[in-house]
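# Analysis of the macromolecular model
Each chain is listed here by its residues.
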Amino acid sequence: MDKILDYIWAFAIGGGLCVIAQILIDKTKLTPARILVLYVVAGVILTGIGLYGPLVDFAGCGATVPLTGFGYSLAEGVKKAIDERGLIGALTGGLTATSAGVTAAMVFAWLAAVLFKGKPKG
Amino acid sequence: MQKGIITLTSRPSIICGASVVGKKEMDGPLARCFDKYDLTDTFDMPTWEQSESEMQRIAFNTAMEKGGFKIHDIDAIFAGDLINQCISSGYGLANFDTQFFGLFGACSTMAESLVLGSMLVDSGKYSRVAAVTSSHNCSAERQFRFPLEYGGQRTPTAQWTVTGSAAVIIGEHSDLPYIAEVLPGRVCDKGINDSANMGAAMAPAAIDTLKRYFDESGKKPDDFSAIFTGDLGYEGSSILVDFLRSDGYDISRVHHDCGLMIYDRERQDVHAGGSGCGCCATVFAGHILPQLKEKKLKDILFIATGAMMNTASIQQGLTIPGIAHLARITVSEGDDGQNS
Amino acid sequence: MNMDDKTYKKYVEKRATKSNLSADCARAFLIGGFICTLGQGLFDIYTMLGMSEDNVKALVPVSLVFLAALLTSLNVFDNIAKFAGAGTLVPITGFANAVVSPALDTKAEGFILGVGAKIFTVAGPVILYGTLASTIYGIILYVVRYF
């Protein structure tokens, strides 16, 4: 039963974060690129003030998979690195914690460019 | 100094035209009008820019074929497109043994080419010229918006760049139809900076040119069998009709927009309609010109609009100036109001 | 045109066709929610397979990035995104698509100045401002903690 609830909350919170972005797209002149930047920075700030951690505990991937979760990982990584290494952690922690996703994106993108070609839309 | 309507006393002929399009255009309501097509949109070329050039080459060759011309029969080509520095025209029309003028009027380029070409034929400087323009959805998306595979939602006011190219051959007065008058446009900027609503950015230019035409000529919209605008789309067209009505010119009965004709908005997910240099060009060469030849249309205004922007100007938040050039095309031999 | 620029702009905005907000939001919610639930499912599967928590936390985004990259390469991601809007944009799938799509698109300009230089044209701002924000956060954290 607990598992089912995990999934329901992941769906609801993840979906909810997307809905907020959709409202911003439809109702403001913000471009998708700006919204993504907003989300990442918001993730960092919310983590910093201690709000995002509890949301991750509660919603799991519903909070980590959206781009605010990318901000959360950056901030958590910095925090951990500062604990371990001091001030230099502010520079090393963020990308270390998010390196898997970013590197995967680069590697898969490069492979895609080697193997595939874009097609007309529609 | 001449600032208004330019009457072409010799009435140069539009001898023939040819159009080349891609898949989405072949799915649209005008599919059977076009001469050539490639459902892969590639025209067997490795890059989209080269595909667009190839369309121009095919369109020009097809137009010459239809008119029975060889390249030495064409004194000059007036051509343009949307890709930086007009490379589609430069490459597409390279190695044709004739004089070449590269033009940029954004989506108004076909009208601009017709205006300039017909004026030079009327003046006797040239006896036969070609107007060639193109746009390709993929090369335009790449340059102006996002990568082709990028997953984004388009706003409802956005327009869809037509994959197409057309060539029209203008010569000394012979076969109908004839270009009787032209009215070059003025650049109008009414402060619109949303590149996803180009219809609204271009409408003021169309309003300006049409109003100047009606004011000076004393003609009424209903004197024409049709008034074709280039690619104002749904947004721009309704703005145009509204504003001209408040100026005392009701064009609603005779107005058609090529951007709304080329696609089925209900079915084809093109939002506010088609756009691009290939939009009004292919509709003109494939749909309008044949009807003039058959005298189903007798006297029309062809007015194409362009949004004069680039990616830097848009990112800098600058406003989008619009332009609209007008040509009056008729099947009548001479005297106004008398259909031959 | 007897209308000043401001009035014209307002008039244009007022008459412009509007997005269907409730339908857009419903679709964003469904697809976005689905992607996050998929992530949760992967999380549980990897955990069940006995992987360490750190590895699971890295592997879930990597898997979603892979899926998004594959769908982008197969020319289907943009069609899903057209339907889902923010539903595919906001999850890490949107980030992956933003990296893969320019890579595919700029192949024609070569692997150095095309793919190599343009790969982050869309996603670059996210990495820059995310990293910048986390660095500032780190400095603040350090100052607050040790002084």
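Refer to the structure printed above.
Since the structure is predicted, the reported quantities are computational estimates derived from the model, not experimental observations.

## Details of the overall build of chain B
Looking only at helices and strands, one finds 11 helices and 14 strands in chain B. Against the compact-globule benchmark of 20 Å for 340 residues, chain B has a radius of gyration of 18 Å, which places it among compact chains. Taking the principal axes of the C-alpha coordinates as reference, chain B spans close to 55 × 50 × 40 Å. Long-range pairs, those at least 24 residues apart, make up 78% of the contacts in chain B with a sequence separation of at least 6. Element-wise, carbon and sulfur atoms account for 49% of the exposed surface of chain B, whose accessible area totals about 11,900 Å². Where the 29 positive side-chain charges of chain B centre and where its 42 negative ones centre are 3 Å apart.

## Here's the deal with the overall build of chain C
The secondary structure content of chain C amounts to eight helices and zero strands. Along its sequence from the N terminus, chain C presents helices and strands in the succession α-α-α-α-α-α-α-α. Taken over the C-alpha trace, chain C has a radius of gyration of 21 Å; the compact-globule value for 147 residues is 15 Å, which it surpasses by more than 25%. Its C-alpha atoms give chain C principal-axis dimensions of about 70 × 50 × 40 Å. Every one of the 147 residues in chain C was classed for burial, and the buried ones make up 48%. Long-range pairs, those at least 24 residues apart, make up 49% of the contacts in chain C between residues at least 6 apart in sequence.

## So, the interface of chain C and chain A
Every contact between the two is made by 67 residues of chain C and, on the other side, 64 residues of chain A. Between chain C and chain A, roughly 5,500 Å² of surface is buried when both sides are summed, and carbon and sulfur atoms account for 77% of that area. Where chain C touches chain A, the interface holds two salt bridges. With a shortest N-O distance of 2.1 Å, Asp83 of chain A and Arg145 of chain C are connected by a salt bridge. Mapped onto the side of chain C that touches chain A, the elements with two or more residues apiece are helix H2 (21-48), helix H3 (53-73), helix H4 (77-84), helix H5 (86-89), helix H6 (92-105), helix H7 (111-118) and helix H8 (124-146) of chain C. The residue makeup of the side of chain C that touches chain A, split by class, is 42 nonpolar, 18 polar and seven charged.

## Side note on the interface of chain B and chain C
Contact with chain B, which involves 30 residues of that partner, is made by 37 residues of chain C. Considering only the surface of chain B that becomes buried against chain C, Glu149, Gln153 and Lys190 of chain B emerge as the three largest contributors, covering 27% of it. The tally of links between chain B and chain C comes to five salt bridges. With a closest N to O distance of 3.6 Å, Asp5 of chain C and Lys190 of chain B form a salt bridge.

## Describing the environment of Glu25 of chain B
Residue and element names in this part refer to chain B. Along the chain, Glu25 turns up in helix H1 (residues 23-26). Classification of Glu25 by relative accessible area gives buried; the value is 1%. For Glu25, the contacting residues outside a window of four places in its chain are Ala31, Phe34, Val162, Thr163, Ile262 and Tyr263. For Glu25, the side chain forms a polar contact with the main-chain nitrogen of Gly22, separated by 3.2 Å.

## A few points about the environment of Phe104 of chain B
Residues and elements named next belong to chain B. Note that Phe104 resides in the loop between strand S5 (99-102) and helix H4 (109-122). Overall, Phe104 belongs to the partly exposed group, its relative accessible area being 39%. Contacts of Phe104, omitting those with residues within four sequence positions, involve Asp81, Leu82, Cys86, Thr109, Glu112 and Met308.

Conventions adopted
Residues numbered from 1 in each chain as written. Chains lettered and ligands numbered in written order. Predicted model: local features only at pLDDT ≥ 70, side-chain atom pairs only at ≥ 80, totals over all residues. Heavy atoms only, no water. Helix = DSSP H or I, 4+ residues; strand = E, 2+ residues; numbered from the N terminus. Rg over C-alpha atoms; globule rule 2.2 N^0.38 Å. Contact = heavy atoms within 4.5 Å. Areas by Shrake-Rupley, 256 points an atom, 1.4 Å probe, with all protein chains shown as cover. Lys, Arg positive; Asp, Glu negative; His and termini not counted. Charge placed at Lys NZ, Arg CZ, Asp CG, Glu CD. Buried < 20%, exposed > 50% of the residue type's maximum accessible area, 1.4 Å probe, protein only. Buried area = accessible area lost by both parts, 1.4 Å probe. Salt bridge = Lys/Arg side-chain N within 4 Å of Asp/Glu carboxyl O. Nonpolar A, V, L, I, M, F, W, Y, C, P; charged D, E, K, R; others polar. Polar contact = N/O pair within 3.5 Å; in protein donor to acceptor, adjacent residues only side chain to side chain.

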